[in-house]
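# Structure assessment
The primary structure of each chain is shown beneath.
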Amino acid sequence: MKILVTVKRVTDYERKVKIAPDGSGLVTDGMNFVANPFDEIAVEEALRLAKAHGGEVVVASIGSKDATQQIRQGLAMGANRGILVLSDELDPDAVARLLQKIVEDEQPDLVIMGKQATDDDANQAGQLLAGYLDWPQATFASKTAALDSDEEKAQKPGVEVADGHATVLREVDGGLETLKLKLPAIVTTDLRLNHPRFASLPGIMKAKKKEVKEIAVDSLGVDVSAKVRTVKYAEPPERQAGVKVEDVDELLGKLKNEAKVL
Amino acid sequence: MSNVLVVSEISEGAIKGATFTAVTFANEAAKRSGGNVQLLAIGSGIGEAAGELAKYGAAVHVADDAALANPLAEAYAKVIKAGAEAAGATVVVMAATSHGKDVMPRAAALLGAGMASDILGFAGDEGFAVRRPVQAGNVIATVEITTDTKVITTRPTEFDAAQPGDAGEVKALSVDLGGLKTEYVKFDKIESERPELTEARVVISGGRGLKEAGNFPALIEPLADKLNAGIGASRAVVDAGWVPNDMQVGQTGKVVAPELYFAIGISGAIQHVAGMKGSKTIVAINKDPDAPIFQIADYGLVADLFKVVPELIEKL
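As the structure is a computational prediction, the values presented were derived from the model and not from experiment.

### A closer look at the overall build of chain A
- Per the secondary structure count, chain A includes seven helices and 16 strands.
- On the principal axes, the C-alpha backbone points of chain A span a range of 65 × 45 × 40 Å.
- For chain A, buried positions account for 50% of its 262 residues.
- Across chain A, the fraction of contacts at a sequence separation of at least 24, relative to all contacts at a separation of at least 6, is 73%.

Here's what the structure looks like:
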């Protein structure tokens, strides 16, 4: 089977990003960039499925030339080849319509994407792509086995593929839902689907020789003008630090008499 | 026409509370657009719920079909598109529940609409710019949707529930749902005597400081029992498999805003804080006086949780 995975280059989610003084943008100079962590889970799942069922894993990214690093990371983990659509920052809708072109060209059996990117937190691209393609979707893919289980250590895929269908366990409010999708289909990953592998040194060496095809965004014939425009960035309202209490009695007293929540 | 359509969420015949928080946003949106608020009820055998929903707008469009018994995004997105057209809606809104997050972008694709996810409210006194959290809640972006039809999901904890009024019209909506490629296999409900995390008045969350899985039932559960609280957890302990996935509080898990939140043995990573800083009163118990959680806690107790949590349970 052929699996397309997407990887977005994002600012390091463990560091706080600064806002430009006039609120017009985010200051990314000197920031560390990483692959979106949900996308690493998508790459891992694709590699496990390809190992179990045979096939090819293609890593696609849309962004600046620098996103080649994140594609190479996926290739170093074991993916076969990469596609980079060179463009400026786009909104999720434009990303989905560009991916639609890539999918129509590559014709994968399955597209696996992170459920959201940790920079814009939109949680839209996978569902938009499924809508544009009229493919079935399973967002927030998870599994019952814990991330420290033997099953996980054996690198078993969480998504089950058989007879032209994918069966996916999803994390939803109040429980776990199971969907069976007719392939081709779109799956987006939640945090507990797997624990992504690190790239090995031989993997990194091999990745250097793997193909990364670059495509100019203009050549795909998609109108990428923004349907959603960010006009201002601001700090969230600051929550003031309160007081330190000495002991349980003082805490209970404050909760009863001051905050009046007990 | 520039009406506002609220996509409601009905589970086992009952309307989910988050729906009414989306109505509150819709009421404000309708004032700005000069249109009215209408609702969309989707499901199978949902006549009663639809009648209740009619009290929240000028009309409720009811898609009642056996094929809609379960919340499949593939089917529901088609209904939302048809509902938006039937309602003459230029704003289509749903609460950002897991179902809302799943189905609304797909509906936006079918409508050719731009979408703003998980919004906190309008950005100004007029116009349609909205505020939404990005960068794990560390930055609030003001965004404008440039398409004529706008799709929006609202963060439930940011809005009060709307109150019912006079009942509007009930209109049947029929949609062709042939050829679905998604099969609903099952739903495994997580059964709990406790209030649901996102709806609880008090939430007790535990983190790495608890040292091992067994200390959740030993310390967190008895404290939650005393306060009739929901139980949450940091990502670290969820990843470690100590507690089920759906207990994670954070930007990538559940966003909660109870009246009282206890962070016990939680350091306060950015990710976690983004999911609970809307709480009215925050209590942090941690033995590390420099833990970032103390920067946002109303009441901080620097102490060994293994000593003070049993004392709390005893004195409550």
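### A word on the overall build of chain B
- Per the secondary structure count, chain B includes eight helices and 18 strands.
- At 21 Å, chain B has a C-alpha radius of gyration in line with the 20 Å of a compact globule built from 316 residues.
- The dimensions of chain B, computed from C-alpha atoms along their principal axes, are 60 × 40 × 35 Å.
- Here chain B holds 316 residues, and 58% of them are scored as buried.
- Excluding contacts between residues fewer than 6 apart, the proportion of contacts in chain B whose partners are at least 24 apart in sequence is 65%.

### Some words on the pairing of strand β17 (residues 281-286) of chain B
Residue and element names in this part refer to chain B.
- The element β17 is largely enclosed, with a buried count of six among its six residues.
- Because side chains alternate across β17, one face comprises the buried residues Thr 281, Val 283 and Ile 285, and the other comprises Ile 282, Ala 284 and Asn 286, equally buried.
- The pairing of strand β16 (residues 260-264) with β17 spans five bridges and is classified as parallel. Within β17, the residue paired with Ile 264 across the bridge is Ile 285.
- The pairing of β17 with strand β18 (residues 299-302) spans four bridges and is classified as parallel. By the bridge assignment for β18, Asn 286 is matched with Val 302.

### Observations regarding the interface of chain B and chain A
- At the junction of the two partners, chain B supplies 70 residues and chain A supplies 64 residues.
- No other element matches the nine residues that helix α4 (residues 98-111) of chain B contributes to the side of chain B that touches chain A.
- Residue composition of the side of chain B that touches chain A, by class: 33 nonpolar, 19 polar and 18 charged.
- As defined by bridge partners, strand β15 (residues 228-234) of chain A adjoins strand β10 (residues 139-145) of chain B across six bridges and the pair is classed as antiparallel. Bridging across to β10(B), A:Arg229 finds its partner in B:Glu144.

### A word on the environment of B:Thr153
All names here are of chain B.
- Following the sequence through the fold, Thr 153 ends up in strand β11 (residues 150-154).
- Residue Thr 153 is classed as buried on the basis of its C-beta count, with 28 C-beta atoms lying within 10 Å.
- With near-sequence residues (within four places) excluded, Thr 153 lies in contact with Met 94, Ala 95, Ala 96, Gly 100, Lys 101, Met 104, Ser 117, Asp 118 and Ile 119.

### Examining helix α3 (residues 92-106) of chain A
All names here are of chain A.
- The terminal C-alpha atoms of α3, which comprises 15 residues, lie 20 Å apart, in line with the 21 Å expected from a rise of 1.5 Å per residue.
- For α3, every residue scored as buried is listed here: Pro 92, Asp 93, Ala 94, Val 95, Ala 96, Leu 98, Leu 99, Ile 102 and Val 103.
- Among the residues trailing α3, Gln 107 stands out with phi positive, at a value near 50°.

### Focus on the sheet that holds β15(A)
- Reading across from one edge, β15(A)-β10(B)-β9(B)-β8(B) is the order of the four strands in this open sheet, with antiparallel pairing throughout. Single-partner strands in this sheet number two, and they are β15 of chain A together with β8 (121-122) of chain B.

### Brief notes about the sheet that holds strand β1 (residues 3-7) of chain B
Residue and element names in this part refer to chain B.
- Read across the sheet, seven strands follow the order β7-β11-β6-β1-β4-β5-β12 without closing on themselves; strand pairing throughout is parallel. Looking at the sheet topology across the chains shown, the edges are occupied by β7 (114-119) and β12 (169-172). If you compare each strand with its neighbour and ignore which way they point, the axes differ by 20° on average.
- Pairing of β1 with strand β4 (residues 37-43) involves four bridges; the strand directions are parallel. Each bridged residue has a counterpart across the sheet, and for Val 7 the counterpart in β4 is Leu 40.

### Quick notes on the packing of helix α5 (residues 215-227) of chain B against helix α8 (residues 305-315) of chain B
Residues and elements named next belong to chain B.
- Close contact between α5 and α8 brings their axes to 9 Å; oriented N to C, the two are set at 25°. Relative to α8, the element α5 is oriented roughly parallel. In the crossing of α5 with α8, the sense of the turn from one axis to the other is left-handed. Of α8, the residues touching α5 (which contributes Leu 219, Pro 222, Leu 223 and Lys 226) are Val 309, Leu 312 and Ile 313.
- Its residues assigned to classes, the contact of α5 with α8 comprises six nonpolar, no polar and one charged.

### Quick word on the pairing of strand β15 (residues 230-233) of chain B
Residues and elements named next belong to chain B.
- Burial of β15 is two-sided: the residues Gly 230 and Gly 232 facing one way and the residues Ile 231 and Ala 233 facing the other way are all buried.
- Sheet topology note: the strand β14 (residues 202-206)/β15 ladder contains four bridges and is parallel. Each bridged residue has a counterpart across the sheet, and for Ser 205 the counterpart in β15 is Gly 232.
- With α5 bridging β14 and its parallel neighbour β15, the resulting β-α-β unit is right-handed.

### Focus on helix α2 (residues 68-77) of chain A
All names here are of chain A.
- The buried fraction of α2 amounts to eight of the 10 residues, a majority that puts the element mostly inside the structure.
- Inspection of α2 places Gln 70, Ile 71, Arg 72, Gln 73, Gly 74, Leu 75, Ala 76 and Met 77 among the buried residues, and these make up the whole buried set.
- One or two steps after α2, the chain reaches Gly 78, where phi turns positive at roughly 135°.

### Section: unusual backbone geometry
- Cis peptide bonds are those with omega within 30 degrees of zero, and the linkage from A:Leu183 to A:Pro184 qualifies with 5°.
- Relative to the elements of secondary structure, A:Pro184 occurs in the loop between β12 (175-182) and β13 (185-189).
- In this structure, B:Asp118 is a non-glycine residue whose phi angle is positive, near 55°.
- In this structure, B:Asp118 sits in strand β7.
- Judged by the 24 C-beta atoms lying within 10 Å of it, B:Asp118 falls in the buried class.

About the thresholds
- Residues numbered from 1 in each chain as written.
- Chains lettered and ligands numbered in written order.
- Predicted model: local features only at pLDDT ≥ 70, side-chain atom pairs only at ≥ 80, totals over all residues.
- Helix = DSSP H or I, 4+ residues; strand = E, 2+ residues; numbered from the N terminus.
- Buried ≥ 20, exposed ≤ 12 C-beta atoms within 10 Å, placed from the backbone.
- Contact = placed C-beta atoms within 7 Å.
- Rg over C-alpha atoms; globule rule 2.2 N^0.38 Å.
- Pairing = 2+ DSSP bridges.
- Nonpolar A, V, L, I, M, F, W, Y, C, P; charged D, E, K, R; others polar.
- Expected span 1.5 Å × (residues − 1).
- Axes fitted to C-alpha atoms, helices over the stretch in contact; angles between N-to-C directions.
- Parallel < 35°, antiparallel > 145°, perpendicular 65-115°, else oblique.
- Left-handed = near helix turned anticlockwise from the far one by under 90°.
- Right-handed = clockwise from strand over helix to strand, strands pointing away.

Just distances and angles here, no functional claims.
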